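# Structure at a glance
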Amino acid sequence: IGYNKSENEVRQRFTIAHEIGHYFLHRLEHEIFYDKKDASKLYRNHNSSTGEDQMEREANAFAAALLMPKNRLKLEIEKMQFDLGSDKDQILEKLAATFKVSNQAMMYRILNLRLL
């Protein structure tokens, strides 16, 4: 798996998990996946990040489940003390830091699982 070493650690982790997802989910359809443009291989481009491509959505869901397992995420949320004055951004940042993912990835995972 290739990834961009100049990207931050959380982006690198998600990219690696995403590419593992492609391997497990799509290896029978494509032999190799690249993060650069080559007509004979799959690569990350604008469409990859828009959510329009089914295989990209599946690889993103795989990566999210791998990096933020539902049961572990539920446990972490249950351990947190919430009240009406809780700062939602601060809670999101704390969860993202715990799982070493971006705030955006954490937000999508929580919304998709309907945990908050």
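A brief look at the structure comes next. (Residues numbered from 1 in each chain as written. Predicted model: local features only at pLDDT ≥ 70, side-chain atom pairs only at ≥ 80, totals over all residues. Heavy atoms only, no water.)

## Topic: the packing of aromatic side chains
For the coordinates displayed, the defined rule picks out two aromatic pairs. Their ring planes at 80 degrees and their centres at 5.3 Å tell us that Tyr23 and Phe24 sit as a pair that is edge-to-face. Here Phe24 and Phe62 contribute two aromatic rings whose centre-to-centre distance is 6.1 Å and whose plane-to-plane angle is 20 degrees, an arrangement assigned as stacked. Of this pair, Phe24 sits in helix α1 (residues 9–26) while Phe62 is found in helix α3 (residues 54–67), placing the two residues 38 residues apart along the sequence. Members of the aromatic cluster, connected to one another through ring pairs, are Tyr23, Phe24 and Phe62. Directly above the ring of Tyr23 sits Arg27, whose terminal nitrogen or CZ lies 5.0 Å from the centroid. Residue placement shows Arg72 over the ring face of Phe99; its charged tip is 4.6 Å from the ring centre. (Phe/Tyr/Trp six-rings, centres within 6.5 Å; stacked < 30°, edge-to-face > 60°. Helix = DSSP H or I, 4+ residues; strand = E, 2+ residues; numbered from the N terminus. Lys NZ or Arg CZ within 6 Å of the ring centre and 35° of its normal.)

## Observations regarding the side chain of Arg109
Relative to the elements of secondary structure, Arg109 occurs in helix α6 (residues 103–113). For Arg109, the residues in contact, after removing those within four places along its chain, are Ala64, Ala65, Met68, Pro69, Lys70 and Leu73. (Contact = heavy atoms within 4.5 Å.)

## Points about unusual backbone geometry
Unlike most non-glycine residues, Lys100 shows phi in positive territory, near 55 degrees. Within the secondary structure, Lys100 sits in the loop between α5 (88–99) and α6. Relative accessible area serves as the criterion here: at 44%, Lys100 is assigned to the partly exposed category. A positive phi angle, close to 55 degrees, is found at Arg114, a residue other than glycine. According to the relative accessible area criterion, Arg114 is exposed, its value standing at 74%. (Buried < 20%, exposed > 50% of the residue type's maximum accessible area, 1.4 Å probe, protein only.)

## Some points on the pattern of salt bridges
Under the definition given, this model contains one salt bridge. Note that Lys79 and Glu76 form a salt bridge whose closest N and O atoms lie 3.1 Å from each other. Pair noted here: Lys79 and Glu76 are both in helix α4 (residues 70–79), with a separation of three residues, about one helical turn. (Salt bridge = Lys/Arg side-chain N within 4 Å of Asp/Glu carboxyl O.)

## So, α1
Over its 18 residues, α1 extends 25 Å from the first C-alpha to the last, a length consistent with the 26 Å expected when each residue adds 1.5 Å. Where α1 is buried, its residues contact α3 and α6. (Expected span 1.5 Å × (residues − 1).)

## Regarding α6
Residue pairs spaced three or four apart in an α-helix point in one direction, given the helix's 3.6 residues per turn. Burial in α6 covers these residues: Ala105, Met106, Arg109, Ile110 and Leu113. Along α6, the residues classed as buried sweep out an arc of 130 degrees about the axis, all on the same side. The exposed residues of α6 that point more than 90 degrees off its buried face are Leu111 and Asn112. Those residues of α6 hidden inside the fold are in contact with α1, α3, α4 and α5. (Arc of directions from axis to C-beta.)

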